[in-house]
Amino acid sequence: MNTKLLCRGALVLLAVLTALYLVAPVFFVIPTSFNDSSFLEFPPKAFSTRWYEAYFQDPAWINATLNSLQIGVWVTILSVVLGTAAALAMVRGRYPVKALVSGLVLAPVLVPYVIIALAVYAVFLEMGLTQSVLGFVLVHTALAVPFVVINVSAALVSFDERLEMAAMSLGANRVTTFLKVTLPCIAPSVAAGALFAFITSFDEVVTSVFLAGPDLSTLPVQMWSGVRVQIDPTVAAVSTMLLLVTLALFASAGLVRLFRARRLAEAA
Amino acid sequence: MSQNPSTTSTLAGTGVSIDIRNVVKTYKTMTAVDDVSLTIEPGEFLTLLGSSGSGKSTLLNIIAGFIDADSGSIEVGGKDLTKVPPYRRDLGMVFQHYALFPHMSVWDNVAFPLKRRGVAKAQVAERVQRALDVVELGHLGKRRPAQLSGGQQQRVALARAIVFQPQALLMDEPLGALDKRLREQLQLEIKRLHRELGTTFVFVTHDQEEALAMSDRIAVMRDGALVQVGTPVELYERPASRYTAEFLGESNIFTGRTHGVDDGSALVVRPEHVRLSAAGAELPSGHNALDGVVREVVYLGSGLRVEVALPDGRHLITRSEVRGALTPSPGLPVAAHWHPEHALVVRDDTAA
């Protein structure tokens, strides 16, 4: 009995320490963002919101943010369409070299990003695609597709194909069957894939550092140079805001799930 | 189900014939459907009966259009559907595991085929309500499938399959996932539905009792081929082969030489035609008889099932009344006898 309690206590302590370790940067970043000094200072001696003002007044920051959003949205759309189609082919398809296709589609998660970045940089430089939205979208989509594929194919594997047979026997052609039956059933996984895709693009530093330049930069690249070149406390302000946005995204996903469950319960 | 006949009659279909001609389907190592030809009459309730792997489900899926046959053709109502995709065949289908759309309400499930056909909104509402009334679920339209019992879900699936007045209704072991009581109840409901709609029904099952209880005709399948097609009475009373005799109901089978020649035939005697008398007692004239010893007596409520051990080690099954002239008990020497008209000579197709 006593050893059991002891074990449980140790486990709780370990869990708390791990959680603290994971969120520790937050305790550094948030206070620093309200710091009045011109340096990244911790703990702050005086508080102000001047770094938040600095963010909103600096067109470089605003442009980088808008670029990241624009690229992120395009990447999400493209990778959801491509990733869902690829997942369908990988789960349902019956063709030779299927394993090879799966391997190629999932390769970007396995190959180190630096290698991808180097290769892409060499080619894109030649094609004039560096510092262009198209260039960013193409690379980020390649990196994001595997996350959509992994999510969607898991949903397709557990999806009952007889539902599609039923839909067709009831007069729905293949396209209608997919849109009205298959897609709604796997929608939560597609949405999760979309969220992953957006974050993959929005977060991406390695390949972006290679592609960015004075003409076009993204938020992570701007932050990176903000720390590297001039130790700019605006980075802390941006980090704090990003943290809030991410929290809001996941919270809304959770709320949607809760809302749906409640509506189902009400119908009973 | 609704007791109002006008409710069902407005959903009534026109029975059409289904012609299956020389259908063959082979997979890598096995022949799933082996040159099957069968004509299903308009408005008929036909059951494809067979054990698992007999090809009955494959054949149904070929009729539905989900599986392409290697050769042969499917005609429904005189129209060749062999190359027509399933969504243009206009055949209702009911699956063993219901296959209701989980993200739609019961109502939307049943409305689905009507919407695909562009039926006007007011008419959709009317016909969905009617179809749900027919299966007595008119009050559950707002529920999700997951909130219904298995029996209710299968009734929704039935409503969904009949609401668009398909040319025929195909059912792939629709009662297989339900418990015995519910299964028997739904058997009656499906039969009534068939009577009231007049639509051609093709029903797949491995349960011979279900087949006997429900069908106008039964097609017995084995290893992808048709063994025998006939009414339940024909199949039970005049099985053409040993396989059919053993598959439908209980049988006593005697093999060996007829008139001294092994001609590949077998003798079938149904248990209810075998009577027991005390050993040595006088038997009705002309009866065939075998002496044996009662091995086991099982009380079935409606009667007794008695197993008689024969001297050669085989055994024989009889059914008799609980309060007959003889009260069998294990160890009792008896004579099992039957009138020769109840002994059928059939082809022995179970060897090898």
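All names here are of chain B. Spatially, six strands are ordered E6-E7-E8-E3-E9-E10 in an open sheet, and the strand pairing comes out mixed. The open sheet has two edge strands, strand E6 (91-94) and strand E10 (225-230), and neither has a second partner. Geometrically, the sheet is characterised by an average inter-axis angle of 20° between neighbouring strands, direction not taken into account. Pairing between strand E7 (residues 168-172) and strand E8 (residues 200-205): five bridges, direction parallel. Note on E8: the bridge partner recorded for Ala168 is Thr200. Running over the sheet, helix H5 (residues 150-162) touches E6 and E7 and is turned about 175° from E6.

Moving on, we come to the sheet that holds strand E18 (residues 343-347) of chain B. Residue and element names in this part refer to chain B. Taken together, three strands build an open sheet; the order of strands is E11-E12-E18 and the sheet is antiparallel. Pairing within the sheet leaves two strands with one partner each, and these edge strands are strand E11 (252-255) and E18. With direction set aside, neighbouring strand axes in the sheet form an average angle of 30°. In terms of strand pairing, E11 meets strand E12 (residues 265-269) through four bridges, oriented antiparallel. In the sheet register, Ile253 faces E12, and the bridge partner there is Val268.

Turning our eyes to something else, we now look at the pairing of strand E9 (residues 217-222) of chain B. Working note: regular strand, side chains alternate between the two faces of the sheet. Residues and elements named next belong to chain B. Counting buried residues in E9 gives five out of six residues, a clear majority hidden from the surface. As judged from the four bridges shared by strand E3 (residues 45-49) and E9, these two strands associate in the parallel manner. Among the inter-strand pairings, Leu46 is bridged to a residue of E9, identified as Arg217. With five bridges joining them, E9 and E10 adopt antiparallel strand pairing. Bridging across to E10, Val220 finds its partner in Gln228. Here E9 hands over to E10 after two residues, with Asp223 in that stretch at a positive phi of 50°.

What counts and what doesn't
Per chain, the residues get numbers from 1 upward, laid out in the order the sequence is written. Both sets of labels track the order of writing: A upward for chains, 1 upward for ligands. At least 70 in pLDDT is required for a residue's local features to be given in this predicted model, at least 80 for side-chain atom pairs to be given and counted, and no such filter applies to totals for whole chains, interfaces and linings, which use all residues. In this analysis, strands are considered paired if DSSP registers two or more bridges between them. Put simply, DSSP marks the helices as runs of H or I at least four residues long and the strands as runs of E at least two long, and each gets a number from the N terminus on. In this analysis, axes come from line fits to C-alpha atoms, helices being fitted only over the stretch in contact, and the angle between any two N-to-C directions falls in the range 0 to 180 degrees. Remark: residues whose backbone-derived C-beta atoms lie within 7 Å of one another are considered to be in contact. Buried means a residue has 20 or more other C-beta atoms within 10 Å of its own C-beta, exposed means 12 or fewer, and partly exposed covers the counts in between; C-beta atoms are placed from the backbone.

Interpretation in functional terms is not warranted from these geometric data alone.
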